[in-house]
Amino acid sequence: MDVTQIAQLLNQTLSPDGNVVRTSTEALDRLSSLPHFPFALLSVAAGGQNQGQRIAASTYLKNFARRNIEFNDGSSSKVSKEFKAQLMRTLLQAEPSVLKVLVEAFRIIVVGEFVKQNSWPELVPELRSAIQSSNVISGGANCEWSTVNTLTILHALVRPFQYFLNPRVAKEPVPPQLELIGKEILAPLLTVFHHLVEKCGIQAVTANSTKEVETEKILLLICKCLYFAVRSYMPSAVIPLLPSFCHGLVSILGSLSLGNGDTLEEEYLLRLKTGKRALLIFCSLTTRHRKYSDKLMPDVINCVLKIVKCSSNVSKLDFLSERIISLAFNVVSHVLETGPGWRLVSPHFSFLLESAILPALVLNEKDILEWEEDAEEYIRKNLPSELEEISGWRDDLFTARKSAINLLGVISMSKGPPVGGSNNSSSASSKRKKSEKNKKTNQCSIGELLVLPYLSKFPIPSDATASDPRILRDCGSYFGVLMAYGGLQDFLREQKPSCTTTLIHARVLPLYSVSSCPPYLVAAASWVLGELASCLPEEMSADIYASLLKALAMPDKEDTSCYPVRVAAAGSIAGLLENEYLPPQWLPLLQVVISRISNEDEENVILFQLLNSVVEAGIENIVIHIPHIISSLVDTISKSIHPSREPWPHVVVRGFEALAVMAQSWETFMLEEVGQNDSSEKQASSQAAIARALSALLQQAWLTVPLEAEASPPPSCIDHSSTLLRSIILSVTGSNVIIELKLSELLLVWADLISDWHAWEESEDMSVFDCIKEVVSLHSKYGLENFIVRQIPHAPAPPVPQRSIIEAISAFVSEAILQYPSATWRACSCVHLLLHVPTYSYETEGVKQSLAVVFSRAAFSRFRGVRSKPCSLWKPLLLAIASCYLSCPDVVEAILEKEEDGGFATWASALAFACTCSSEIVLSAKSEMKLMVMTLVKMIERLLGVGNPNGGLLRDCFTSLLEAFIRLKELDEEMEDEQNVEESEDDDEEEEEGIQDDDEVQLLRTLV
């Protein structure tokens, strides 16, 4: 293979011209099938003309490995021994930028070959030899291999073992591959690690020489490798070396300077990363391997206590330094949850509260700056809530404040020494045999003994103390107190309700009445109320909601935005509703939310989500207001809709979602409500008003598009739009209403939209299928224009026939059958509906046949992919083809034979098998059984007509028909008693079914 040609193509993939990139990529894809292609990529990655070319070769090799190896479940190796050897040599000599990409290809091969199949026996010995002969380990100046490169390879090798390979096993043993790595490589490396730590002396970093940077990289890589090795498992060879290793980690952590965040040298950044990894190792040892870590806890605790003491400097620290303090708090939390750990940590509770936890919680300069310059980031870090847009704590938002709150919660739940016991020792001794329950009642938690008394020392701001400079200065501290209260929900849940009542009335709610209270405190107080939702007494509901509504409506001040205050209040209200803590009156809440939405500001997205929560939680109380709310929201959303712009603004998407929630809630409530005639008329009037408002909104979104623009909303809106359209359809009482609401025009646009649906994995499609059913029902009642055949457009538009409503719907249904398993069931249920419910005339019979072709081809294509073994998808697919076959037997038979030789016999045999008693496919519904019986009758008729009555297929079909018919009659007898009550209401329907059943019985008798 010409390596030069591949190098040129790789150069072209870096071109700014998209056509050149596409052409070169296609050429590389064609060459990738050649056996020596990966070797050529390695040659370019090792000796390309420039760095860009070498990185491009490494990237293509990584993607090539992912396509050909990562998803291979076979037992045989697909990677040759020669290629693996060349890959190892290239990795050992690669420059850092190439190594970073190329090692990903190595990891993919390791997972497929070494981890899953254990089929690379020479890997560990070769890597051990390379590490031993590398420059830093061997001490030679002219060594061929770089220690950093060898440890980077080891890191990729160990990384797959960070998670359990078989998590279903209760006590999974250490994989033999990891045991081998631990014995041959990790254990010797720990000795090297200890020597490096002693050699460097691990002092505060002052220089930035190349040699010291390399040493720091090696220390970091060793810590990463050990972290992945012990995160889930514990290799036996590592156990004896844990004490010396942890001593080295403690030394590294002790060398960190967390007094400020100004040190930006590469060497110190590497030291910080090593310290972070050391704390992660301590967390893993404490939570996963207590058997080996209990003896190490004293040194670990002494180390992390020194780190958390630096939390007062958190406002001056960069992200990585703050992350280290956060992890140190986490280590204390994990240790405290163990028995030996409690004895170690409990003497330091007061120190932790005063010198570590509260300093991390207080308001600092960085918080105020973030409030002013990036309010969304401030909210995500400090005021997380139930609302989706601001939900947290997210994994990428590790903060010392978050970890300190968590530690405070663990401390408050800890039990203190017994109290209230007798001074008489003999009496106390005689009571030791009493139940454990009585023993526990004499123990108070640390929350009672220490946390609440300590927090109560801080005075709450008030109007009387507004002029006191000391109180104003202490507002930052009281912010920390509020943050602390937010972490006590587990503790307060175990206390008497009076404890929470006193706390909220005395320490939180008064802030809402302070005229000069800083908004930071009001936002924190609102967040606290949401965090404590699960333990709030019912009698406080009126006061709590009154305070939160005041915060929700708080206007901006001259020099300070109150946006976080309003968001915190909205999130807390949503949290209260989620915990079924309901307001005493719903109307004030609705009024505030709707009035804020109408302001058309950046908070609309959050307020729409809050409105969803309000509607879902209090539909019985607010249903009377829904027509007015919908009309108001439609007016607001209409101002933000720009039909020619895609995608729509996020506020429009959230607005459609809110309208969909209200439409569904209205429908559900109306179905359950049984009222008098006058109330029914009022409900019908309200439904008509809702329909007019929703129709006007959809008309603006879909029918007022400029000719040059695309009339296509983003896929995320189709689900909500379908819900709104269904609500409009349910309000139709006559043909005049269809014309008034422009339903035919709206349905044409909607059908075209869903026909191009390509978001099966991104969005739920249930409402689309529900809308399809209502559309077919509406057409059956009143007849819809352009439903089966679309009229040719008038001039000046070209006279080109376009898809009708049902043809566009059929494209959506067939795509659903093909693309997404969870949609297959619902899509197949629509097949029978679309083929047999509408009335097709002689002129439109061609449309019916085209639908049968599309549906049967899609269903059979999907069936071919799952036919090897009966599964849950068999039933919907077989029934869908059966519906097509009953509609157009000749056409469907021809399609099945065209798709596959003997395709009709394949489907017929599967259908016959599904109807037998021995089949795993259960036909539970009467409609399913009747459809099977009718299809088998039709097939037997046709098989008898071809003159082969002795064929095996005919015999199978006839046997299955008899079994299905018997089961159908048995089901009728079982349901007879239950249906007696409904017989008078369903006389007409049963008469038709009786005629149909009589026809089947007569046909069976004829066949017999």
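Below is a summary of the structure that appears in this document. Fair warning: this is a prediction, and the values are worked out from it, not measured in the lab.

1. Focus on helix α15 (residues 297-308)
Because each turn of an α-helix spans 3.6 residues, side chains separated by three or four positions end up pointing in the same direction. With 12 residues, α15 extends 16 Å from end C-alpha to end C-alpha; this agrees with the ideal 16 Å at 1.5 Å per step. Of all the residues in α15, the buried ones are Met297, Val300, Ile301, Cys303, Val304, Leu305, Ile307 and Val308.

2. Observations regarding the environment of Pro647
When you line up the elements, Pro647 lands in the loop between α34 (626-638) and α35 (650-672). On the basis of relative accessibility, which here comes to 54%, the residue Pro647 falls in the exposed class. When the C-alpha atoms of Pro647 and Cys717 are compared, they prove to be 9.8 Å apart, with 70 residues separating the residues in sequence.

3. Here's the deal with the environment of Gly248
One can find Gly248 in helix α12 (residues 242-254). Between the alpha carbons of Gly248 and Ala278 there is a distance of 9.4 Å; along the sequence they are 30 residues apart. Each residue touching Gly248, except ones within four places of it in the same chain, is listed here: Phe193 and Val197.

4. Considerations on the side chain of Lys875
Position of Lys875 among the secondary structure elements: in helix α44 (residues 874-887). With near-sequence residues (within four places) excluded, Lys875 lies in contact with Trp825, Ile921, Val922, Leu923, Ser924 and Glu928.

5. Side note on the environment of Leu280
Relative to the helices and strands, Leu280 is located in helix α13 (residues 266-288). Relative accessible area serves as the criterion here: at 16%, Leu280 is assigned to the buried category. The contacts of Leu280, once residues within four sequence positions are left out, are Tyr227, Arg323 and Leu327.

6. What to know about the packing of α12 against α13
Viewed as axis vectors pointing N to C, α12 and α13 meet at an angle of 135°, and their least axial separation amounts to 9 Å. One finds that α12 runs oblique with respect to α13. Relative to α13, the crossing made by α12 is left-handed. Taken together, the residues of α13 that come into contact with α12 (itself represented by Leu242, Phe245, Cys246, Leu249, Val250, Ile252 and Leu253) are Arg271, Thr274, Gly275, Ala278, Leu279, Ile281, Phe282 and Leu285. Its residues assigned to classes, the contact of α12 with α13 shows 12 nonpolar, 2 polar and 1 charged.

7. Considerations on the nonpolar core
Core analysis: the largest hydrophobic core is formed by 340 residues, its most contacted members being Phe106, Leu154, Trp750, Val813 and Trp907. Take this core: its biggest share by element is 13 residues, from α35. Beyond its immediate sequence surroundings of up to four residues, Leu154 is in contact with Leu127, Ile131, Ile181, Ile185, Leu186, Leu189 and Cys225.

8. Regarding the packing of aromatic side chains
Geometry of an aromatic ring pair is reported as the spacing of the ring centres plus the angle between the planes. What the rule picks out here adds up to 19 aromatic pairs. Between Phe769 and Phe812 the ring centres are 5.2 Å apart and the planes differ by 45°, which places this aromatic pair in the tilted class. Taken together, the residues Phe769 in helix α40 (residues 766-782) and Phe812 in helix α41 (residues 805-819) connect sequence positions 43 residues apart. For the pair Phe769 and Phe812, a shared accessibility class is recorded, and that class is buried. With centroids separated by 5.7 Å and ring planes inclined at 35°, the aromatic side chains of Tyr885 and Phe904 adopt a geometry described as tilted. With Tyr885 in helix α44 and Phe904 in helix α46 (residues 903-914), this residue pair connects regions lying 19 residues apart in the sequence. You'll find Tyr885 and Phe904 in the same group, each marked buried.

9. As for unusual backbone geometry
Leaving glycine aside, a negative phi is the common case for residues, and trans is the common case for peptide bonds. Despite not being glycine, Glu580 has its phi angle at roughly 60°, a positive value. A relative accessible area of 66% places Glu580 in the exposed class.

10. Describing a negative patch on the surface
A grouping of Glu372, Glu373, Asp374, Glu558 and Asp559 is seen on the molecular surface, where their side chains present a negatively charged patch. Relative to the assigned elements, Glu373 resides in helix α19 (residues 365-373).

About the cut-offs
Residues numbered from 1 in each chain as written. Predicted model: local features only at pLDDT ≥ 70, side-chain atom pairs only at ≥ 80, totals over all residues. Heavy atoms only, no water. Helix = DSSP H or I, 4+ residues; strand = E, 2+ residues; numbered from the N terminus. Expected span 1.5 Å × (residues − 1). Buried < 20%, exposed > 50% of the residue type's maximum accessible area, 1.4 Å probe, protein only. Contact = heavy atoms within 4.5 Å. Axes fitted to C-alpha atoms, helices over the stretch in contact; angles between N-to-C directions. Parallel < 35°, antiparallel > 145°, perpendicular 65-115°, else oblique. Left-handed = near helix turned anticlockwise from the far one by under 90°. Nonpolar A, V, L, I, M, F, W, Y, C, P; charged D, E, K, R; others polar. Core = buried A, V, L, I, M, F, W, Y, C linked by side-chain atoms within 4.5 Å. Phe/Tyr/Trp six-rings, centres within 6.5 Å; stacked < 30°, edge-to-face > 60°. Patch = residues over 30% accessible without salt bridge, like charges linked within 9 Å, V, L, I, M, F, W, Y side chains within 5 Å. Areas by Shrake-Rupley, 256 points an atom, 1.4 Å probe, with all protein chains shown as cover. Salt bridge = Lys/Arg side-chain N within 4 Å of Asp/Glu carboxyl O. Lys, Arg positive; Asp, Glu negative; His and termini not counted. Charge placed at Lys NZ, Arg CZ, Asp CG, Glu CD.

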